[in-house]
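Structural overview
Each chain, written out:
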Amino acid sequence: MLGIVECLVFLCVVGYLFKSQRANDMVDVISNRIQEAYGSIRMPNVFSSSTANNRNNIYAPVTRHEAERQQRQRSKDCDQRARQQKLFQIKDTPIAHVEPEQPKIPGFACSTCSPTESRPQLDQNQRRRHAIDILRVTTHAGAHYAATRGTGAFDWGVWCTHLAQALRVKRFPYPQVAGAVLPDERVLEALETTAKEATNEKRAELGLAENDESFDEDSYYNAIYRKQEQRAQKILVGMRSKISNLVLRITSWVLYKLLPCFMSGVAAHPAQVEMIKRAIEKNPDVPLIFLPLHRSHLDYIMVSFILLNNDIKCPLVAGGDNLRIPVFGSILRYDGAFFIKRKIDPLTGKKDHVYRAILHTYLQKCLTAGHNVEFFIEGGRTRTGKPCMPKSGILSVIVDAYNDKSISDALLVPVSINYEKLVDGNFVREQLGQKKIPESFASAASAIMKVLKARYGLMRIDFNEPFSLSELVKSLRTSDTAHNYTPEMRRLQHKPSTTSLFGTDVVQEEQDQRQLIDNIARHVVYDSARATSVMTTNALAFLLLNRFRDGAPLSLLVEALDELRAVLEGTRDLGFTGSSEDVIRYAADLLGPGLVTKELRNGQTFIKPVTMIPNVIELSYYSNCLLPHFALESIIVTCACFLRREAERNKEGDAEDVTIGHNALLQLCIEFAELLMYEFILCKPCQKLENVLENSLEELCTRNILSQLKQELTEDQQRAQRLYQAMDGLDVDDEQDDFFDEKPSFEDATERVQFPPEKHCDRIVLQSVLAPFTHTYRAVAATLNHLLGDNAMVESDFIRLCIKEISARVEAGDCKYGESISTDTVRNCLKVFEKRSYIETTNKNGVRLVTLLPPYDSAPEIQSILEQVETFVPV
């Protein structure tokens with residue numbers, strides 16, 4: 001009997017912990033068995049004479065109470081047999097084993113868009129292996145040289161390891177395809193189209209009728225055609241790459257000698273390189289498309305450097321024609337660069353059919369010839385430190401080559417690159433609204449000499465898992481989330497450029513095709529951003545600008561960095577190891593006194609950021625690397641705090657227990673995400689924003705920054721809910737529908753969000769993450785007053801006015817974030833306002849003009865825009 005009781009207690013505990021139906025059924029059955037056992041051994045009550053008499057007289061009549069007792073017993077027996085039968089059925093059914101969801105390690109291809117069996121698998125432990133410094137060449141290079149050239153060369157190879165490594169690298173065929181471009185049908189059609197358009201424009205300019213024979217149309221057409229042929233030849237000569245094995249080897253040797261002069265190392269994962277090799281072995285005839293995020297001019301050189309020294313075929317790299325400068329441009333061309341224009345006729349806005357056709361044809365010929373290709377999915381270098389919105393022009397050419405069956409498939413390889421200190425200097429001048437200084441031979445030579453005298457710390461390169469273009473196209477075409485967007489998701493889509501060569505106007509495609517290409521580009525940027533390693537300077541700058549803007553003792557910074565490392569563990573790779581104190585000291589020294597100051601206070605080291613302009617703008621560049629990681633959480637906390645303030649205004653008495661509705665919070669978060677649609681890619685195209693927000697909210701609740709509370713519905717609320725559900729399917733007019741004043745908020749009545757007081761500081765930190773952007777947007781909204789009265793303004797002048805407005809707010813103390821002064825953020829804000837039809841940007845005679853659109857061309861409407869933006873500005 002004791003054993004049965006112990007089993008019952010154990011099953012009760014199990015049933016309570018796991019709350020499974022099977023455990024509850026087993027508890028019921030064993031309870032019945034125990035009751036039967038106790039009933040069979042129960043001693044009769046000797047003090048009850050009526051019981052003894054009834055037991056001795058078996059013919060005694062059955063009373064009403066006894067009949068009810070027997071009925072209850074029979075019912076109990078039936079229930080017992082039913083439970084036993086149910087228990088037997090449960091025993092025959094296997095228990096479903098649910099694995100807890102593990103955080104996805106960055107760098108892996110999307111499991112939704114790329115089936116596991118088709119990818120070159122990378123073990124998670126290998127993915128987490130410590131990176132090695134590829135600049136430290138071991139003696140294996142000399143040994144390999146001796147094995148191939150003879151024993152006498154061994155000693156020479158050991159002493160000249162860099163040269164031996166350069167001679168050891170594998171040679172690959174790099175066929176030249178430029179000769180097959182001009183005879184291509186696409187180019188010939190572009191020449192004819194351009195000549196016809198020019199002829200028609202000339203006839204219109206002269207004011208001649210179509211049948212007027214005074215205009216020799218054929219002669220003019222032939223002259224334009226020959227002129228365009230010469231131009232096409234010139235374009236191709238300036239564009240083409242002349243990649244050479246010899247120059248690649250020389251460049252490799254030079255880099256081995258120069259890089260250690262200003263960098264402490266170049267870190268890369270050997271397992272990632274082996275993963276790319278396995279992908280090549282599995283798909284030998286499929287080209288690799290390397291898609292790095294762009295931070296420095298050193299990016300494309302270092303990607304080719306790593307691939308070359310690991311016996312992987314170097315890619316042809318798309319570079320801007322601003323790099324086509326004497327000497328250095330030629331070196332880059334022989335290292336694999338081909339040069340393209342970033343803008344097509346920016347003054348006239350006319351489409352350059354010839355240039356587009358040559359670029360499209362050249363790229364397709366390179367792919368079919370077996371070349372790998374590399375281009376920067378963001379277009380240019382990021383000026384803010386966070387990823388830019390993708391430009392999908394070259395990607396559209398590759399997708400078009402796949403659709404035309406020119407290539408059977410392509411392997412997309414997102415690449416993440418990060419620096420402890422940016423080699424190219426800073427972009428403060430451009431963020432303040434000043435024009436970019438064009439590259440030249442003198443400026444390039446001066447920059448190289450300056451770089452060699454400085455110290456820039458560590459560089460980190462991460463290659464993500466390659467994934468098949470064909471599988472990604474198939475997945476996105478059949479995905480519900482990629483096509484059947486909700487209204488909110490549809491508004492969050494990126495608007496492609498119509499003037500950039502990186503925009504989808506490179507090839508004319510249907511709307512669905514453009515959307516598909518844009519989704520692929522956004523997927524790549526999202527994956528690359530999550531796989532970007534966090535460097536020492538990123539971590540320190542983030543803590544100083546968002547948590548310790550007034551400075552902090554070293555001991556407090558160490559605690560904060562430990563907490564940050566714990567939060568990032570498992571979701572972001574850290575590009576550093578060691579104690580947090582050593583990391584902070586190293587990062588502060590590397591950033592220098594211009595960005596971070598150190599002093600002794602009360603015998604402790606006190607570290608403080610330099611918040612003066614322009615220093616703080618440069619420091620924010622390093623901090624912004626972590627923005628994509630915390631953007632969703634910042635959106636949720638910012639919206640939650642706003643709703644809490646509104647609830648406190650409407651509540652009388654104690655406001656400590658104020659809660660907000662779950663649905664209202666998510667709806668406001670979506671509105672905030674719409675406002676930042678050109679700043680961040682918050683989710684992959686194969687995900688729903690609502691689901692991602694829910695997951696982030698759960699993560700915040702896990703860390704106790706927020707908490708969710710389920711409340712019971714009152715009797716009136718339950719009655720109203722039943723009535724609303726009963727009438728939900730009926731066709732009711734607006735007046736009847738207004739009867740339910742709170743019909744959308746039934747879930748809010750049961751799910752509420754609370755604010756744990758012990759995590760108040762963490763909420764302030766998360767609000768400050770996006771505060772510089774909202775302050776910039778507020779200033780741009782206020783500057784719209786300058787456009788009142790049909791006052792069209794040149795876009796560049798309007799941007800300068802916005803920068804001036806933000807600067808004035810910073811100086812007056814209305815905005816404490818000096819990094820809000822950002823030309824890039826102002827431009828993104830204007831894109832949002834244009835998409836919402838607040839303003840219109842037109843091109844007149846090569847000048848971009850900004851005007852207000854009705855009904856927003858009035859002071860009250862501008863004030864309403866300003867109030868909408870101010871909703872998300874932290875108090």
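Residues numbered from 1 in each chain as written. Predicted model: local features only at pLDDT ≥ 70, side-chain atom pairs only at ≥ 80, totals over all residues. Heavy atoms only, no water.

**A few points about the overall build of the chain**
How we decide: Helix numbers and strand numbers start at the N terminus; a helix is a DSSP run of H or I with at least 4 residues, a strand a run of E with at least 2. Each residue's exposure class comes from its accessible area (1.4 Å probe, protein chains only) as a fraction of the maximum for that residue type: buried when under 20%, exposed when over 50%, partly exposed otherwise. Should any heavy atoms of two residues lie within 4.5 Å, those residues are counted as being in contact.
Of the regular secondary structure elements, the chain holds 36 helices and 18 strands. Taking all 875 residues of the chain together, the buried fraction comes to 49%. Excluding contacts between residues fewer than 6 apart, the proportion of contacts in the chain whose partners are at least 24 apart in sequence is 79%.

**What about the pairing of strand S12 (residues 604–609)?**
Counted only if it meets this: At least two DSSP bridges between two strands are needed for those strands to be called paired.
As paired strands, strand S10 (residues 552–553) and S12 are joined by two bridges and run antiparallel to one another. In the sheet register, Ala552 faces S12, and the bridge partner there is Ile607. Note: strand S11 (residues 596–601) against S12, six bridges, orientation antiparallel. When the bridges of S12 are listed, Leu600 appears paired with Thr605.

**Considerations on helix H10 (residues 217–239)**
We apply this condition: Expected helix span is taken as 1.5 Å per residue step, with the number of steps being one fewer than the number of residues.
Here H10 contains 23 residues, and its C-alpha end-to-end distance of 32 Å stays within 8% of the 33 Å for a straight helix at 1.5 Å per residue. For H10, the complete set of buried residues consists of Ile224, Tyr225, Gln228, Ala232, Ile235, Leu236, Gly238 and Met239. Where H10 is buried, its residues contact helix H9 (185–206), helix H14 (328–334), strand S5 (337–340) and helix H15 (353–368).

**Concerning the sheet that holds strand S18 (residues 847–852)**
One open sheet holds the three strands; their spatial order is S16-S18-S17, and the pairing between them is antiparallel. Of all strands in the sheet, those bounded by a partner on one side alone are strand S16 (793–794) and strand S17 (839–844). Across two bridges, S16 lies against S18 in antiparallel orientation. From the neighbouring strand, Met793 faces S18, where its bridge partner is Val850.

**Observations concerning the nonpolar core**
The line we're drawing: Put simply, buried Ala, Val, Leu, Ile, Met, Phe, Trp, Tyr and Cys residues joined by side-chain atoms within 4.5 Å make one nonpolar core.
Residues Phe375, Phe463, Ile520, Leu665 and Phe833 are the most contacted members of the largest nonpolar core, which totals 207 residues. With 12 residues, helix H27 (residues 627–650) is the largest single contributor of residues to this core. If near-sequence neighbours (up to four positions away) are discounted, Leu665 is found in contact with Ile636, Cys639, Ala640, Leu643, Ile660, Leu697 and Val753. If you look at the next biggest cluster of nonpolar residues, it comprises seven residues, including Tyr300, Val317, Leu332 and Phe339.

**Describing the side chain of Asn624**
Secondary-structure assignment places Asn624 in the loop between helix H26 (615–623) and H27. Residues contacting Asn624, with those up to four places away along its chain left out, are Thr384, Gly385 and Lys386.

**Regarding the environment of Ala531**
Its location among the elements puts Ala531 in helix H22 (residues 511–531). With relative accessibility at 0%, the residue Ala531 sits in the buried group. Spatially, the C-alpha atom of Ala531 lies 8.6 Å from that of Thr571, the residues being 40 residues apart in sequence.

**Focus on the packing of aromatic side chains**
Cut-off, in case you're wondering: We call Phe, Tyr and Trp rings a pair once their centres come within 6.5 Å, taking the six-membered ring for Trp, and we label the pair stacked below 30 degrees between planes, edge-to-face above 60, and tilted otherwise. Charges are assigned to positions over rings by a cutoff of 6 Å between ring centre and Lys NZ or Arg CZ, combined with an angular limit of 35 degrees from the ring normal.
Under the criterion given, the structure shown has 13 aromatic pairs. Linked through ring pairs, Phe427, Tyr621 and Tyr622 together constitute an aromatic cluster. The ring centre of Tyr402 lies 5.8 Å from the NZ or CZ of Lys405, which sits over that ring. The residue whose ring lies beneath Arg601 is Phe606, and the NZ or CZ to ring-centre distance is 3.8 Å.

**Thoughts on the environment of Arg585**
In this fold, Arg585 is placed in helix H25 (residues 580–591). Spatially, the C-alpha atom of Arg585 lies 9.8 Å from that of Thr605, the residues being 20 residues apart in sequence. Excluding residues that lie within four positions of it along the chain, Arg585 makes contacts with Leu554 and Thr605.

**A look at the state of the cysteines**
To be explicit about the condition: Any cysteine sulfur atom paired with another within 2.5 Å is treated as part of a disulfide.
Per the stated rule, a full pass over the model turns up zero disulfides. Cys802 takes part in no disulfide bond, and the closest cysteine sulfur, belonging to Cys829, lies 7.5 Å away.

**A few points about the pairing of strand S4 (residues 316–320)**
With five of its five residues buried, S4 lies for the most part within the structure. Neither face of S4 is left uncovered, since the one carrying Leu316, Ala318 and Gly320 and the one carrying Val317 and Gly319 both have all their residues buried. Here S4 pairs with strand S6 (residues 373–374) via two bridges, running parallel. The residue bridging Leu316 from the neighbouring strand is Val373, located in S6.

**With respect to the pattern of salt bridges**
How we decide: One side-chain nitrogen of Lys or Arg within 4 Å of one carboxyl oxygen of Asp or Glu is enough to make a salt bridge.
Across all of its chains, the model carries 24 salt bridges by this definition. Measuring nitrogen to oxygen at the nearest pair gives 3.8 Å for the salt bridge that ties Glu274 to Lys277. One end of the pair, Glu274, and the other, Lys277, are both in helix H12 (residues 270–282), three residues apart, so they sit about a helical turn from each other. For Arg460, the salt bridge goes to Asp462, with nearest N and O atoms at 3.3 Å. Side by side, Arg460 and Asp462 carry an identical accessibility label, which is buried. What emerges from the salt-bridge pattern is a single network uniting Arg231, Lys341 and Asp352.

**Overview of a nonpolar patch on the surface**
Rules: To count toward a patch, a residue needs a relative accessible area over 30% and no salt bridge; like charges are then connected within 9 Å, while nonpolar side chains (Val, Leu, Ile, Met, Phe, Trp, Tyr) are connected within 5 Å. Computed by Shrake-Rupley with a 1.4 Å probe, the accessible areas treat only the displayed protein chains as cover when residues are assessed.
A grouping of Leu163, Leu167, Leu246, Ile250, Trp253, Val254 and Leu258 is seen on the molecular surface, where their side chains present a nonpolar patch of about 560 Å² in accessible area. Residue assignment for the nonpolar patch shows that the elements contributing at least two residues are helix H8 (161–168) and helix H11 (245–262).

**Some thoughts on the sheet that holds S10**
Strand order in the open sheet made by the three strands is S10-S12-S11, with antiparallel pairing throughout. Both edges of this open sheet fall to S10 and S11, since each of them pairs with a single strand only.

**Description of the packing of helix H16 (residues 393–403) against H22**
The condition that has to hold: As a rule, the C-alpha atoms of each element are fitted with a line to give its axis, helices using only the stretch in contact, and angles between N-to-C directions run from 0 to 180 degrees. Should an angle fall under 35 degrees it is called roughly parallel, over 145 degrees roughly antiparallel, and 65 to 115 degrees roughly perpendicular, with every other angle called oblique. Throughout, a crossing is termed right-handed when the near helix is turned clockwise from the far one, and left-handed when it is turned anticlockwise from it by less than a right angle. Residues are sorted three ways: Asp, Glu, Lys and Arg are charged, Ala, Val, Leu, Ile, Met, Phe, Trp, Tyr, Cys and Pro are nonpolar, and all the rest, Gly among them, are polar.
Packing of H16 against H22 leaves a shortest axis separation of 10 Å and a crossing angle of 120°. With respect to their mutual orientation, H16 and H22 come out oblique. The two elements H16 and H22 meet at a crossing, and its hand is right-handed. Seen from H16, the contacting residues are Leu395, Ser396, Val399 and Asn403; seen from H22, they are Gln513, Ile517, Ile520 and Ala521. Grouping the constituent residues of the contact of H16 with H22 by class yields five nonpolar, three polar and no charged.

**What to know about unusual backbone geometry**
Note the cis peptide between Ile613 and Pro614, where omega equals 15°. Relative to the assigned elements, Pro614 resides in the loop between S12 and H26. Between Pro854 and the following residue, Pro855, the backbone shows a cis peptide bond with an omega angle of 5°. Mapped onto the fold, Pro855 is located in the loop between S18 and helix H36 (859–870).

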